[in-house]
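Structural characterization, general
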Amino acid sequence: MAVARSTNKYRTFLSDIIIFIIGTALAKAIQFILMPLYTTYMSAEAYGVAELTNNLSELFFPIVTLCIYEAAFRYAVDPEFSNKKLATAVAKVMLVSTIVGLFTSIFIKVTFNYKYAFYLFFILYAYSIRMCAAYYVRGNGKSKTFAMSGVVNAFFLSIFNVIFLVLLKSGERGYLLSIGFSYCMSAIYLIIAGKIPSDIVPKESSKNDFRVLFCYCIPLIFYNVLYWFTTISGRYILLWFTDASTAGKYVAAIKIAAVVNMIQQAVYAAFQLNSSRAFTEEGKEKYYTEITNLFIYLYCTFGAVIVCFTPFLAKFTLKNDFYEAKVFLPIIMLAAIFNCVSSLLGTMYSTYKKTHKMIGVSVVGSVTNIVVGLALTPICGIWGVCIASVFCYLSQVVYKFWDVRKFCKIKYNWIKIILNLLLLTTQVALMSTERNSSILLSIVFALTLLVINCGDVVKATKKVMKR
């Protein structure tokens, strides 16, 4: 019986990664593919303004939803919590929030004359409703529906971008509308295909249901708001000390990190789901150990290979004035890899329902990012923001290594993990010098990581195939 459970865990985890690459990361991949279109039909300043507006929606997202989408996933997995109670509670929260959000947008538009107020409202609530539906569907095991929602989102994002940017030449407004309408299409698909309306029964939810859900998700509001400062604040620091054009170039370069983030989001979603499923099983910590160590090796190896290709990625994606940002790609990739490792370790907080402990992680990351960014950006410009991001995610990795072991006895292979991170960091430092020999040396480092990690990857693959 133990073998059957093991087979289910490993095989399901691999299949879920593929599903979540489609469902979670496809839109990110499409945005990466569309980068030549953005950098051709938008100026650096227009793109910077549009992305900074889009980034604001990421700041307000956990606030307007009260992070109820996180509870929608975790308690959909929990067999002891009724789906009807859960769906009804989520729907009520979002209905009230949307009404409040609309009146707030009107107030801001009238009082402060913020011209992007309604664009921000549109993107924010289209994304919020989509994510609540997606997390609920994902938690209920409707993986194909979740995956198809990613396809729908990516398809309509491409269509609306062509319509608004190429045909109508609407600039930053067209860019924002494209994002909002693609979220709407994906949300509509999830609600219909996931048969969510049938689970919404107004009389089902009670005050006790809201108490249980909010105890889980309220700490995540603080975590996600601080996470915004961890990931996004550098762009506003750069805008403060420079201009919208410089910020736009930096944001365009960061979009290329979607190559890495695409994998990270899928692995995180799959591991979060499967670690929650395995939570009541014996030997769960051995399973968590195997997956954590393996994917740290894979992230570092994959990151090293991507760093070798950054000059070619820059030629494909960064057009016109944006091409100046190519020199920052290696260090941006390094920050993205550290973020991947941090995200992987953070899965345990959700699995063990210790979401309150995530606040400490966010404080460490956001303070590091802001302090280092404010100190270095006036001196180093974009380099200052990039260095701040690296230190930010590295500080979170170190914190989580220490903190997670308090409640989950994962056995890390310290020697190999540290060796992987050091080799990757050295490779990035060499590539950032832009010397003639940099690419050759970078390839040597990537091959070294491949050789070091090959044995563990093959061993894990054989274990899964055998089972």
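1. Concerning helix α17 (residues 358–380)
With 23 residues, α17 ought to run about 33 Å at 1.5 Å a step, and its terminal C-alpha atoms sit 31 Å apart, in line with that. Approximately 30° is the largest bend angle found in α17, and it occurs at Leu374, with the proline Pro378 only one to four residues beyond. Taken as a whole, α17 has its buried residues at Met358, Val361, Ser362, Gly365, Ser366, Thr368, Asn369, Val372, Gly373 and Thr377. On its buried side, α17 packs onto α10 (207–231), α11 (233–241), α16 (329–351) and α18 (382–404).

2. Observations regarding the pattern of salt bridges
Counted according to the given criterion, the structure contains three salt bridges. Here Lys357 ties to Asp403 by a salt bridge, and the two come within 3.4 Å at their closest N and O atoms. Linking Lys357 in the loop between α16 and α17 with Asp403 in helix α18, this pair joins segments that are 46 residues apart in sequence.

3. A few points about the packing of helix α5 (residues 68–77) against α10
The N-to-C vectors of α5 and α10 enclose an angle of 130°; their axes lie 8 Å apart at closest approach. With respect to their mutual orientation, α5 and α10 come out oblique. Handedness of the crossing formed by α5 with α10: right-handed. Two secondary-structure elements touch here, α5 through Ile68, Tyr69, Glu70, Ala71, Arg74 and Tyr75 and α10 through Val212, Leu213, Phe214, Tyr216, Cys217, Leu220 and Asn224. By residue class, the composition of the contact of α5 with α10 is ten nonpolar, one polar and two charged.

4. With respect to a nonpolar patch on the surface
A cluster of nonpolar side chains, namely Leu95, Ile99, Leu102, Phe103, Ile106, Val110 and Phe118, defines an oily patch on the protein surface of about 690 Å² accessible area. Considering each element in turn, the nonpolar patch owes the most residues, six residues, to helix α6 (residues 83–112). Inspection of the secondary structure assignment puts Leu102 in helix α6.

5. Some words on the packing of aromatic side chains
Under the definition given, this model contains 28 aromatic pairs. Here the aromatic rings of Phe122 and Phe181 are separated by 5.0 Å at their centres, their planes lie at 70°, and the arrangement is edge-to-face. Of the two residues, Phe122 sits in helix α7 (residues 117–139) while Phe181 sits in helix α9 (residues 171–193), which places them 59 residues apart along the sequence. Linked through ring pairs, Phe122, Phe155, Phe156, Phe160, Phe164 and Phe181 together constitute an aromatic cluster. Its guanidinium or amino end placed over the ring of Phe73, Arg138 lies 4.3 Å from that ring's centre, counting from NZ or CZ. It is Lys416 that lies over the ring of Tyr297; its NZ or CZ is 5.0 Å from the centre.

6. Some details on the environment of Gly346
The residue Gly346 is located in helix α16 in this model. Put simply, Gly346 and Met42 are 304 residues apart on the chain and 37 Å apart in space, counted from C-alpha to C-alpha.

Reading the values: rules and limits
Numbers given for residues are sequential positions, taken from 1 along each chain in its written order. Local features in a predicted model are, by the rule used here, given only for residues with pLDDT of at least 70; side-chain atom pairs are given and counted only at 80 or more, and totals for whole chains, interfaces and linings are based on all residues. Computation of side-chain values: all heavy atoms of the structure, hydrogens and water removed. Runs of H or I in DSSP of at least four residues are treated as helices and runs of E of at least two as strands, each being numbered from the N terminus. An expected span of 1.5 Å times one less than the residue number is assigned to each helix. The reported bend at a residue is simply the angle between two axes, fitted to the 7 residues ending at it and to the 7 residues beginning with it. Accessible area is worked out with a 1.4 Å probe on protein chains only. A residue is then buried under 20% of its type maximum, exposed over 50%, and partly exposed in between. In what follows, residue pairs with any heavy atoms lying within 4.5 Å of each other are defined as contacts. Any carboxyl oxygen of Asp or Glu within 4 Å of a side-chain nitrogen of Lys or Arg constitutes a salt bridge here. Simply put, an axis is a line fit to the C-alpha atoms, just over the touching stretch for a helix, and the angle between two N-to-C directions goes from 0 to 180 degrees. Between 65 and 115 degrees an angle is taken as roughly perpendicular, under 35 as roughly parallel, over 145 as roughly antiparallel, and anywhere else as oblique. In a left-handed crossing the near helix is turned counterclockwise from the far helix by less than a right angle, and in a right-handed crossing that turn is clockwise. Any residue that is not Ala, Val, Leu, Ile, Met, Phe, Trp, Tyr, Cys, Pro, Asp, Glu, Lys or Arg is counted as polar, Gly included; the first ten are nonpolar and the last four charged. Residues with no salt bridge and a relative accessible area higher than 30% make up the patches, which join like charges within 9 Å and nonpolar side chains (Val, Leu, Ile, Met, Phe, Trp, Tyr) within 5 Å. For accessible areas, the Shrake-Rupley method is used with a probe of radius 1.4 Å. Any residue's cover is judged against the shown protein chains and nothing else. To pair, rings of Phe, Tyr and Trp, with the six-membered ring standing in for Trp, must have centres within 6.5 Å; the planes then decide the type, stacked if under 30 degrees apart, edge-to-face if over 60, and tilted in the middle. In this analysis the charged atom, NZ for Lys or CZ for Arg, is taken to sit over a ring once it is within 6 Å of the ring centre and within 35 degrees of the ring normal.

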